[in-house]
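Now for the letters of each chain:
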Amino acid sequence: MQISLSGSVSAPGDKSISHRALILGALAEGTTKITGLLEGDDILHTANAMRSFGVRVTRQGAVEGAGAGAWQVEGCGARGFSAPDAPINFGNAGTGARLILGAAAGFNLDVSYCGDESLSSRPMSRVLTPLREMGAIFMARGDKLPLSQKPSAVPEGKNALSPISFTPPHASAQVKSCILLAGLQACGTTIVHEKRLTRDHTENMLEAFGVQVNRETIGSGQKVSINGPAHLCSTTINVPGDPSSAAFLIAGALIVPGSDITVKNVMMNPTRTGLFNVLTQMGAYLRADNVRRSGGETIADFHVKHSNLFGVIVPPERAASMIDEYPILAVISAFAKGKTVMKGLDELRVKESDRLFGTYQLLTDNGVDAQIDGDDLIVRGGIVAGGGVVKTHHDHRIAMSALILGLGAQQKISIDDESMIATSFPNFFDLMASLGANIERL
């Protein structure tokens, strides 16, 4: 039986911002200093990729909390990326892969890219299509990794890419960011039309590096544009806590009776707070204290207590602001009174795994009443029997969600693999243990 969770911890550094800090620092003129960088496997692969392009990236030391560090990036500036001596391995880092493909596309390079088995099964066409439209040359079988970028036949001293005006068919911050990063080297105005708003970390950070970003709200979406070629100036970045990682800590406290915890330094960017809004609607005791600004982002400390929750309907337009949090929301919904309906989850099918099916499977294998209806996930809350062994499909969010589900279940829940948790949350087990969570590692 899980005892109540208690204590105070700091959320690990945000993965999205950590990727972007390394990439933009590598493109900038001068030395960028980063504190609180998430030192998960995905981020370390991005750091190594920047080194492969001839950029000096060094770790200066540790900062508060395990898995976070102070880093320094000596950008390439006007000379641009250099061709690497060997293929660049993205590991399991989907965000890193898509952003780096855009950042490197503007340089006339001959470079090969690869990833692990999971990443190699995921589609890259969503970024390769607009990059090819801009003039980049990629060779890939089925538009998946491994793939290679080839130099384009442009005269000496000319830009390899042309600007485009592009409307992604699906809301995706990764696709938008990839195009904007490529647009930094294009001659003219690169425009991305978003049907729905997505995370704006790339826009915010580009501005921090001295690039003018134009944003125009259009209905429920926006038009984002930059003028290239653009010059980036080095800066100092303090990485705020990752709301997607904080969600697992918060979920544990909400479902375990008697729990009372504080999660500090959580980023409150409005494009990332969808889950917190839903939890408040469900009746969660979730209070944001000590709200402040740091590095262009709003951050806060969350006070969380065990709560009697009830089911809600989550509309499809909420997906962009909480796309990574649906597995843990489904876990929380398993303990809520009544039915929770999460609509419009088609994007989950192309994550590290088919995350929609994986979430459904982790629930039903442990006695939760759940069903998939088209692109909707329906969960009927109640007592969670547990006792299952969850297939993680090499997906870190499925793995952590299953372990949190086990904290409130009648019988223990096991997972088939924990190794990928280190990609996004290297100190997950340590932080959960510090709060009193009974999670055994085999």
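Everything discussed here concerns the structure shown above.
The rules behind the values
Residues numbered from 1 in each chain as written. Predicted model: local features only at pLDDT ≥ 70, side-chain atom pairs only at ≥ 80, totals over all residues. Heavy atoms only, no water. Helix = DSSP H or I, 4+ residues; strand = E, 2+ residues; numbered from the N terminus. Buried < 20%, exposed > 50% of the residue type's maximum accessible area, 1.4 Å probe, protein only. Polar contact = N/O pair within 3.5 Å; in protein donor to acceptor, adjacent residues only side chain to side chain. Contact = heavy atoms within 4.5 Å. Pairing = 2+ DSSP bridges. Right-handed = clockwise from strand over helix to strand, strands pointing away. Axes fitted to C-alpha atoms, helices over the stretch in contact; angles between N-to-C directions. Phe/Tyr/Trp six-rings, centres within 6.5 Å; stacked < 30°, edge-to-face > 60°. Lys NZ or Arg CZ within 6 Å of the ring centre and 35° of its normal. Parallel < 35°, antiparallel > 145°, perpendicular 65-115°, else oblique. Left-handed = near helix turned anticlockwise from the far one by under 90°. Nonpolar A, V, L, I, M, F, W, Y, C, P; charged D, E, K, R; others polar. Core = buried A, V, L, I, M, F, W, Y, C linked by side-chain atoms within 4.5 Å.

Attention now goes to the side chain of arginine 355. Turning to its location among the elements, arginine 355 is positioned in helix H11 (residues 355-364). Take arginine 355: its relative accessible area is 0%, and that puts it in the buried class. In terms of polar contacts, arginine 355 uses its side chain to reach the side chain of aspartate 324, at 3.4 Å. Other than its neighbours up to four places away in sequence, arginine 355 contacts Asp324, Pro327, Leu348, Arg349, Asp395, His396, Arg397 and Ile398.

Relative to strand S18 (residues 339-342), strand S17 (residues 313-314) is paired through 2 bridges, and the arrangement is parallel. Bridge pairing in S18 links isoleucine 313 to valine 341. In this region the chain leaves S17, passes through helix H10 (residues 326-333) and returns to the parallel neighbour S18; the handedness of that crossover is right-handed.

On to the sheet that holds strand S4 (residues 68-74), then. Across the sheet, 4 strands lie side by side as S3-S4-S2-S13; this open sheet has mixed pairing. The open sheet is flanked by strand S3 (56-62) and strand S13 (236-238), the only strands paired with a single partner. For this sheet, the mean inter-axis angle between neighbouring strands, taken without regard to orientation, is 20°. The pairing of strand S2 (residues 31-38) with S13 spans 3 bridges and is classified as parallel. Across the sheet, residue threonine 35 finds its bridge partner in S13, namely asparagine 238.

Now for the environment of glutamate 133. If you trace the backbone, glutamate 133 turns up in helix H5 (residues 125-133). The exposure class of glutamate 133 is partly exposed, given its relative accessible area of 48%. In this structure, the C-alpha to C-alpha distance between glutamate 133 and isoleucine 164, residues 31 residues apart in sequence, is 7.4 Å. Residues within four places of glutamate 133 in sequence aside, it is in contact with Ile164 and Phe166.

Let's shift gears to the packing of aromatic side chains. Tallied over the entire structure, the rule returns 8 aromatic pairs. Consider the rings of phenylalanine 276 and phenylalanine 302, whose centres lie 4.7 Å apart with planes at 50°: the pair is tilted. You can see phenylalanine 276 sitting in helix H9 (residues 274-281) and its partner phenylalanine 302 sitting in strand S16 (residues 297-305), a full 26 residues away along the chain. Using a relative accessible area of 5% as the deciding quantity, one classes phenylalanine 276 as buried. Through pairs of rings, three or more aromatic residues link up here, namely Phe248, Phe425, Phe428 and Phe429. When the ring centre of tyrosine 285 is taken as reference, the NZ or CZ atom of lysine 305 above it lies at 4.8 Å. Sitting above the plane of the phenylalanine 429 ring, arginine 441 keeps its charged end 4.0 Å from the centroid.

Here the focus is the packing of H11 against helix H12 (residues 396-408). As a packed pair, H11 and H12 sit with axes 10 Å apart at the nearest point and diverge in direction by 20°. When the interaxial angle is binned, H11 and H12 end up roughly parallel. The chirality of how H11 crosses H12 is right-handed. Between H11 and H12, the contacting residues are Arg355, Gly358, Thr359 and Leu362 on the first element and His396, Arg397, Ile398, Ser401, Ala402 and Leu405 on the second. For the contact of H11 with H12, a count of residues per class yields 4 nonpolar, 4 polar and 2 charged.

The next subject is the nonpolar core. Counting residues in hydrophobic clusters, the biggest one holds 72 residues, and the most contacted among them are Leu279, Tyr326, Leu329, Ile404, Ile421 and Phe428. No other element matches the 9 residues that helix H8 (residues 243-255) contributes to this core. Sequence-distant contacts of leucine 329, defined by excluding residues within four places in its chain, comprise Leu275, Val278, Leu279, Met282, Val314, Met322 and Met342.

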